[in-house]
Amino acid sequence: MPLRWIPFVPNFARKASVLFAWSTTPYRSEWKYDISAHKKILIDVGHVCQNLYLASESIGAGACAIGIYDQKLIDEILALDGDEEFVIYLGAVGKKRE
């Protein structure tokens, strides 16, 4: 499905070359970290996205993290159940404006 048809992405992301989506399955960490698992998951996805920014910059591309999106729609598009596994962060990468 082309991004221009998907209402959950901001306009700049519709022009991106690639859109990354990070999902999580919290129970896989909860058994080990208990309630602090959620904090660790969010910290880790932030680190992963920061590396996306660094990698994008190294090839002359731009990156932008996206934290606001239509949760149900993006989970449905990616065939995630939305309960056990769901998207927690998006990242758009594309050519920088000159």
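Conventions and cut-offs
Residues numbered from 1 in each chain as written. Predicted model: local features only at pLDDT ≥ 70, side-chain atom pairs only at ≥ 80, totals over all residues. Heavy atoms only, no water. Phe/Tyr/Trp six-rings, centres within 6.5 Å; stacked < 30°, edge-to-face > 60°. Helix = DSSP H or I, 4+ residues; strand = E, 2+ residues; numbered from the N terminus. Buried < 20%, exposed > 50% of the residue type's maximum accessible area, 1.4 Å probe, protein only. Expected span 1.5 Å × (residues − 1). Arc of directions from axis to C-beta. Contact = heavy atoms within 4.5 Å.

Remarks on the packing of aromatic side chains
Okay, so step 1: Counted under the stated rule, the structure contains two aromatic pairs.
Okay, so step 2: Measuring from centroid to centroid gives 6.1 Å for F20 and W22, while their planes differ by 10 degrees, and the two rings are stacked.
Okay, so step 3: Consider the rings of W22 and Y89, whose centres lie 6.1 Å apart with planes at 45 degrees: the pair is tilted. Placement of the pair is W22 in strand β1 (residues 18-24) and Y89 in strand β3 (residues 86-95), with a sequence separation of 67 residues.
Okay, so step 4: W22 sits in the buried class, given a relative accessible area of 17%.
Okay, so step 5: Grouped by ring-pair contacts, the aromatic residues F20, W22 and Y89 constitute a single cluster.

Examining helix α3 (residues 37-58)
Okay, so step 1: Its 22 residues give α3 an end-to-end C-alpha distance of 32 Å, which sits within 8% of 32 Å, the value for a rise of 1.5 Å per residue.
Okay, so step 2: Along α3, the positions that sit buried rather than exposed are A37, I41, V45, C49, L52 and S56. Angular distribution of buried residues about the axis of α3 spans 110 degrees; they occupy a single face of the element. Exposed side of α3, more than 90 degrees from the buried face: K39, L54 and S58 are the residues found there.
Okay, so step 3: Looking at the buried side of α3, the elements it contacts are β1, α2 (27-33), β2 (61-66) and β3.
Okay, so step 4: Just beyond α3, the residue with positive phi is G60, at close to 80 degrees.

On their own, these measurements won't tell you what the molecule is for.
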